[in-house]
Structure formats: structure tokens, C-alpha cells
Amino acid sequence: MTAARAILPALAAGLALVAAAGPGIEGRRELRDVLIVVDITRSMNVRDMDGASRLDAARDVLTRWIASQPCGARVGLGFFTERRSLTLIEPVEICTDYATLAGTLAGLDWRMAWEGDSMISKGLNHALNRARGLDAALIFVTDGQEAPPLPYSGPDGWREDSPGGVVLGAGGDQPAPIPKFDDLGRETGFYGPTDVQHAPARIGAPPTDAADRPGFHPRNNPYGEADLEGSEHLSAMRAEYLTRLAGERGMGFARLSAGPAALQATLAAHAPARRVATHRSLSPVFGALALAVLLAALLATPLHARKETP
Amino acid sequence: MIGFAWPPALFALPLLLLPLVIRWLRASAVPRLDLRAVEGRAVGPLLVALAMLAPAALILGLAQPYLRGGSTAYRGIGTNLVLLIDRSSSMDDTFAGRSPQGGDESKAAAARRILLDFIARRPDDRIGIAAFSTAPMLVLPMTESRTAIAAAVAALAEPGLSQTDVGRGLTLAMGMAHEASASDSRAVVLVSDGAAVIAPEVQTALRNLAARRQVNIYWLYLRTKGAKGIFEVPEPGQADTPHLRPERHLHIFLQSLGLPYHAFEADSPGAVEDAVTEIGRMESRPILTRRPVPRRDLAWACHLLASLCCAALAAARWLERRYAPRRPAPLLVPA
């Protein structure tokens, strides 16, 4: 008892000293550098994500996803329109530059588009090349609406090494109207069936079923007239098409509406990770031990007063 | 401001009341106050204080206090600078108007290199970047972060886009400069190798912006060999319309805004460097800017304090003596 009374406080002092010195264990952590490319074409203005536009929903989910990433991960930002992507910021460390990334993400706007086309397979290939050059995986946010529609030969393929990543599908499954804006950016209604092209341009080989189409004539009208009406003025997420594009490129497909957690899970499955050593402090453990030992030392003193005996 | 990484630990703080109830040293049932030296009377309360301080420090250490990071305002020399960069595809050519071959440097690459140098020399500037081709793009909101600025400038290395719509780009850049600061100086540096006709409604918007708040405008015109200069007045009889001479007419328009405005014509990387140095010299004014402050951990100090307290308490136990080494002699000896 007496020995414990003398030794325990010294032990507590030692443990606290160790805690102050800050011992730690080396750990490993997986980080994924990512280039985020957001489709900013017109169809992304459709308000079918619980009332918010697809672009707004994408901004929200991506900001929350970036905030959930561990420090040390690097994220770059770009956008896609026409047939290529444009990088705004090369990957930066998210904890240092979170405010900048969030600001740039908030500034993404359909008005930045230098052209109205939306050739997604071409843009995806361009973004993948760019991401590979930056040594990062790719998160490509799009709704899959090709405008003008894909040529009869189908989408562009991918035959190179892929850096991996996620195609994040924005939009709902029900076709919804696409808002239309005037020169000054004011909303003036929705695109109608006569405003858009419903079939690929009449260039290249005609479709194989052209002979069955109305108005077909081998010499004068080899494409038929099936391209005069369609529903390209409405937009729904083309999940099947995007899944196929993603699969061909070694990427995963996730829905934007599933939130940041689903994005993270898909990314973890489809993008290589960079392993970094981490230092995990053991100070709290030693501090808690010191506290326990100190309390024991305090309680080691008998509560009752000692009788002095000769 | 102090924050705690694990605040629930603070619920253990009532534990430090224990030493008020339990003595650190043994009590004796035979107090002999006269055996205790007067100067030693502080020892008791001191031990109680130490026994309270030690668990308090340990519990605080468990809660892992830290000084919140963030940023502090300080006065530096610089300006609120918006770089407005031309992303049209002609910027990828050299000053001679060819595509770069071998050791050639494109206009975009030269501008990028020189701007990076410039930014590195000016630590106090708050910088934002806007770009334009057919549409204006916000690349980087106003920021002090040098890593973000470097990453955004590096991203300009990608090949450019189609056309040049300088008017809307200027609107965006001036809007950014306006929002950057209400009191300090603001500047827009337009880097382009050409210009375009500015639509009347955009001209009105720019005039309104110019009337609202003062922004210094610098135009760094990267003149390609054979292109018309901005200061060249056409010979009498030659056409002088915004469509034929957009650069000259942009210059005239910017002069008419009533803002401090300087145009630089550079036809080689060296000339660009001189112009940028000149801009830097003119844009050196006191500016209230912010410097990031890292978060600082304080738990180690708590643990160290606790360790010292525990050591003192241990010493007290080692030096502990009975009040009276032996039973006092009776005062009265019965006969």
C-alpha cells in the first residue's frame, strides 16, 4: 500500500510526460486525386432534382463530397461543353484550398459554355485524357443527353489506358422540359419539339433500318424521314447509356441523387488510390492512462485519519 | 479562439473536486500544530491545488485543445488584382503567328510564365482569375492562396477555345474587382492578343460598372507579327471601323470609360515582362489582406503541466513524514 502510494504519482508523471512528447504510430491512408468535370450544357438546367436544377444539385453534392475527403487529397475542377472539357483549376490540396474549390464550383454556370453542343462521349474522352495527364482519376457529372443526337455509327470508343473514376448521372428518370434562355440570360420558357434536332445529322452511312422508314427513297432520301419528330426536347438521365460509356472506360457509374456517400463508394471501387503514411497520435491514450493512475494514487490514501501509535 | 477536438472529455472535469475531499497526504489523529513550522503551513493548500490541477490538465489534454487556425488581417503592399485572360485559340501561336515548334514559346505560355513570376514576387496581392473566349468564365474567385492561384494559372496551359468576346469578359472581371474590396485599390489586367467588337448593351453595362467604383484597367496586348497595333492611327482614307480595327477601337472605348487606364503593346516575351513589371510598380499600394494562420495544438502543454504537477505530488509523498515521530511525552506525570 505504501509502496503504491509513492510509486503511482511518479508513474502518472511519467505517463503524462510521454503524452506530452507526442508518440504516434505510423498508419497508411488511401487518398484519391480527382479531376471533377461538370457538364454545363443546357440540359443540366432541367429542374428535376427535387426542384433544384441538375447543375445546382451537382454543385451541392460535389461540395459536400469534397468536404468529406481527408486532408491531402487533391481535387481539380473543370467543365464540359461542346466536345471537350476545360480545366479551370489543376488538382489542389483540399484542406488548404477548400474555399477556392467551393467558390469555383459555385461559379460554374451554363453561361460559361462557349458552344451549345453536348457531345458526351467525345467530351468524356477528352476529360479522361486530361485527368490522366494530371495523374488524377475523373469524376464526370452529366445527364447523358447527347445534343445533337449520336451519329448512326454510335458513340466514340476508348482504346487507351484509363485513369479510372466515376460517371455521375444527374437528373431524374422522367423526361422533363429544358429551360430556354434569351441573349441576356433571362429564362423565356422551355425548348419545344421544333427547337431541337431529333436525329443525327444526315451525314455518313444511313441507319440500317432506313428502308423501313417513311419517305425512304434509295437515291433522293436515303435516311428516311424518321428524324422529323422525337422527344429530344425533353431530358431524362440516360443511365443505361452512361453505364455503358463508363464501363468501356474502366469507370464506375453512380447517380447524383444517391449523394456523396455513393459517389465515394463507386470511386473507391474504380479509381486507384495513392497510399500515404499518416501519423496517428497516441497522446490521448497516455493521457487517459496518466489520469487513471493519478486517480488511483489519490484514492490510495486511507480516508480515515491514522491513529498515532508508538 | 480555443477549440476542443474531443469536447466530451470535459465531462470528466468534476473529478478535480476529489482532492477537496480526499487528502493527498495522510491525516493524523494526533495533531500537534506546534510541531509544524509556521512556513510549512502553505504546503497543505498547495498540495490540494496541485492535486486539483493535475487531473484538470490531464482532462483538458484528453479534450485536445487547439488554437483555431484561420486568417489574420494585415497591411501589405499590393492590390486586388483580377487577371482576365484570353483563352482564344490564337493565344497558342507564337508572337510570330506560327504554331510553336522546337524551342518556340507560344503567347499563352509566355504570358503564363511571366504572370507566375509576377505573382510569386507579390505576396500581398489578392488575386482572382477570369477567362474569356466566346463566353466569359470565372476561373478563380478572389483569393490569397498562392497554391490555388498557381494551379489556376497552370491550368491555362490547356489549348485554347474558339473566339474572343472581350466585352463580356471585362464585365465579369470588373464585377469581380468591385466585389473584392470596398476600400483598397482594384485592378483588372486584361491579357489578350486581339479584341472584338463590343456589343452596345455590353458597352452600357461596362460604363455603368465604371461609374460605380474605380478600377484601374491595364491592357496587355500581345501583338502578333503583322497584326495592327492599338496606337496606330489609320492613314486618311483607310477604313477605321470597330469591325476592321477592333483592337484600336477597344483601346478608344477603354480610354472613354473615365477610369485610370494603361495599354501596353508587347510583341515579344521580353516586352511582356517589361510591361508586367511596370504594372507591378504602379499597383503597389497599401492593401488590407489576410494571411492564413495554421491551427496549433495545445494538448502537449496540458500534458507537460500535468506531468510537472504529478512529479511534485510524487515528491510530496516521498518526503511525507509523520507529524510526530513518537508519542509526545505526557505533560503531567501521575505520581
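Residues numbered from 1 in each chain as written. Chains lettered and ligands numbered in written order. Predicted model: local features only at pLDDT ≥ 70, side-chain atom pairs only at ≥ 80, totals over all residues. Heavy atoms only, no water.

### Concerning the overall build of chain A
Reasoning step 1: Helix and strand content of chain A: 7 helices and 12 strands.
Reasoning step 2: On C-alpha atoms alone, chain A measures out to a radius of gyration of 30 Å, which is more than a quarter above the 19 Å that the 2.2 N^0.38 rule sets for 310 residues.
Reasoning step 3: Seen through its principal axes, chain A has C-alpha atoms that stretch 130 × 40 × 30 Å.
Reasoning step 4: Among the 310 residues that make up chain A, the fraction classed as buried is 50%.
Reasoning step 5: Sequence-distant contacts in chain A: of pairs separated by 6 or more residues, those separated by 24 or more amount to 78%.
Reasoning step 6: Of the accessible surface of chain A, which amounts to about 14,000 Å², a share of 55% is contributed by carbon and sulfur atoms.
Reasoning step 7: Between the mean site of the 31 positive side-chain charges and the mean site of the 35 negative ones, chain A shows a separation of 8 Å. (Helix = DSSP H or I, 4+ residues; strand = E, 2+ residues; numbered from the N terminus. Rg over C-alpha atoms; globule rule 2.2 N^0.38 Å. Buried < 20%, exposed > 50% of the residue type's maximum accessible area, 1.4 Å probe, protein only. Contact = heavy atoms within 4.5 Å. Areas by Shrake-Rupley, 256 points an atom, 1.4 Å probe, with all protein chains shown as cover. Lys, Arg positive; Asp, Glu negative; His and termini not counted. Charge placed at Lys NZ, Arg CZ, Asp CG, Glu CD.)

### Describing the UniProt feature "domain: VWFA" (unreviewed entry) in chain A
Reasoning step 1: Per the UniProt record, "domain: VWFA" (unreviewed entry) is annotated on residues 31-207 of chain A.
Reasoning step 2: A distance of 46 Å separates the end C-alpha atoms of residues 31-207 of chain A, which is 21% helix and 25% strand. (UniProt positions renumbered as here; feature names shortened; annotations may be inferred.)

### A closer look at the sheet that holds strand 1 (residues 2-4) of chain B
In a beta sheet, neighbouring strands are held together by backbone hydrogen bonds and run either parallel or antiparallel to one another.
Reasoning step 1: Ordered in space as 1-2-11 (chain B), the 3 strands form an open sheet in which the pairing is antiparallel. Whereas interior strands pair on both sides, the edge strands pair on one side only; in this sheet they are strand 1 and strand 11 (296-297) of chain B. (Pairing = 2+ DSSP bridges.)

### Things to note about the interface of chain A and chain B
Reasoning step 1: Contact residues are listed per partner, giving 54 residues for chain A and 58 residues for chain B.
Reasoning step 2: Carbon and sulfur atoms make up 65% of the surface buried where chain A meets chain B, a total of about 4,600 Å² over both sides.
Reasoning step 3: Where chain A meets chain B, there are 0 salt bridges.
Reasoning step 4: Connecting chain A to chain B are 9 residue pairs in polar contact (both at pLDDT 80 or more).
Reasoning step 5: Elements that contribute at least two residues to the side of chain A that touches chain B include exactly helix 1 (2-21), strand 4 (84-93), helix 3 (98-107), helix 4 (120-133) and helix 7 (283-299) of chain A.
Reasoning step 6: Of the residues assigned to the side of chain A that touches chain B, the class counts are 31 nonpolar, 13 polar and 10 charged. (Buried area = accessible area lost by both parts, 1.4 Å probe. Salt bridge = Lys/Arg side-chain N within 4 Å of Asp/Glu carboxyl O. Polar contact = N/O pair within 3.5 Å; in protein donor to acceptor, adjacent residues only side chain to side chain. Nonpolar A, V, L, I, M, F, W, Y, C, P; charged D, E, K, R; others polar.)

### Some points on the UniProt feature "transmembrane region" (unreviewed entry) in chain B
Reasoning step 1: In the numbering adopted here, UniProt assigns the feature "transmembrane region" (unreviewed entry) to residues 43-63 of chain B.
Reasoning step 2: When the span residues 43-63 of chain B is considered, its composition is 100% helix and 0% strand, and the gap between its end C-alpha atoms is 30 Å.

### Brief notes about the domain arrangement of chain A
Reasoning step 1: Looking at the assigned domains, one finds that chain A contains domain 1 (2-23 + 284-299), domain 2 (27-197 + 232-278) and domain 3 (201-229).
Reasoning step 2: Computed over C-alpha atoms only, the centres of domain 1 of chain A and domain 3 of chain A are separated by 86 Å. (Domains from an automatic or database assignment.)

### Some thoughts on the environment of Pro123 of chain B
Residue and element names in this part refer to chain B.
Reasoning step 1: In this fold, Pro123 is placed in the loop between helix 3 (107-121) and strand 5 (126-132).
Reasoning step 2: Considered as a pair, Pro123 and Glu144 are 21 residues apart in the sequence and their alpha carbons are 8.4 Å apart.
Reasoning step 3: Excluding residues within four positions of it along the chain, Pro123 makes contact with Tyr74 and Arg146.

### Brief notes about the environment of Pro149 of chain A
Reasoning step 1: Considering the arrangement of structural elements, one finds Pro149 of chain A in the loop between strand 5 (137-142) and strand 6 (165-169).
Reasoning step 2: Taking the relative accessible area as the measure of exposure, Pro149 of chain A reaches 14% and is therefore buried.

### A short note on the packing of helix 7 of chain A against helix 2 (residues 43-63) of chain B
Reasoning step 1: Between helix 7 of chain A and helix 2 of chain B, the shortest axis-to-axis distance is 9 Å and the interhelical angle comes to 155 degrees. The orientation of helix 7 of chain A relative to helix 2 of chain B falls into the category roughly antiparallel. For the pair helix 7 of chain A and helix 2 of chain B, the sense of crossing is left-handed. Counted together, Pro284, Gly287, Ala288, Ala290, Leu291 and Leu294 of chain A of helix 7 of chain A and Ala54, Pro55, Leu58, Ile59 and Leu62 of chain B of helix 2 of chain B form the full contact between these two elements. (Axes fitted to C-alpha atoms, helices over the stretch in contact; angles between N-to-C directions. Parallel < 35°, antiparallel > 145°, perpendicular 65-115°, else oblique. Left-handed = near helix turned anticlockwise from the far one by under 90°.)

### Topic: the side chain of Asp125 of chain B
All names here are of chain B.
Reasoning step 1: Topologically, Asp125 is positioned in the loop between helix 3 and strand 5.
Reasoning step 2: Judged by its relative accessible area of 1%, Asp125 falls in the buried class.
Reasoning step 3: Looking at Asp125, its side chain comes within polar contact range of the main-chain nitrogen of Thr79, at 2.7 Å.
Reasoning step 4: Within the structure, the side chain of Asp125 is placed 2.4 Å from the side chain of Arg122, a separation counted as a polar contact.
Reasoning step 5: Excluding anything up to four places from it in sequence, Asp125 contacts Gly78, Thr79, Leu81, Thr143 and Arg146.

### Things to note about empty space enclosed by the protein
Unfilled space is identified by rolling a water-sized probe across the atoms.
All names here are of chain B.
Reasoning step 1: Here the structure, examined in full by the defined rule, presents 4 cavities of 30 Å³ or more.
Reasoning step 2: Each pocket or cavity is described by its volume, and for the largest cavity that value is around 100 Å³.
Reasoning step 3: As for the largest cavity, its lining consists of 13 residues, of which Ile85, Asp86, Met91, Ala108 and Leu156 are closest to the centre.
Reasoning step 4: Going through the elements one at a time, strand 4 (80-86) and helix 3 are the ones with two or more residues in the lining of the largest cavity.
Reasoning step 5: The leading source of residues in the lining of the largest cavity is helix 3, at 4 residues. (1 Å grid on protein atoms, 1.4 Å probe; cavity = no way out; pocket = protein on both sides within 12 Å on 5 of 7 lines; lining within 4 Å. Points joined across faces, edges and corners; volume = space filled by probe spheres on them.)

### Some details on the state of the cysteines
Reasoning step 1: Taken as a whole, this structure holds 1 disulfide over all chains when the rule is applied.
Reasoning step 2: No disulfide involves Cys309 of chain B; its sulfur sits 6.8 Å from the nearest other cysteine sulfur, which is in Cys310 of chain B. (Disulfide = S-S within 2.5 Å.)

### Thoughts on helix 3 of chain B
Residue and element names in this part refer to chain B.
Reasoning step 1: The end-to-end C-alpha distance of helix 3 is 21 Å, a good match for the 21 Å that 15 residues give at a rise of 1.5 Å each.
Reasoning step 2: By the burial criterion, the buried members of helix 3 are Lys107, Ala108, Ala109, Ala110, Ala111, Ile114, Leu115, Phe118 and Ile119.
Reasoning step 3: If you follow the buried residues of helix 3, they end up packed against strand 4, strand 5, helix 4 (146-155), strand 7 (186-192), strand 8 (216-222) and helix 8 (269-282). (Expected span 1.5 Å × (residues − 1).)

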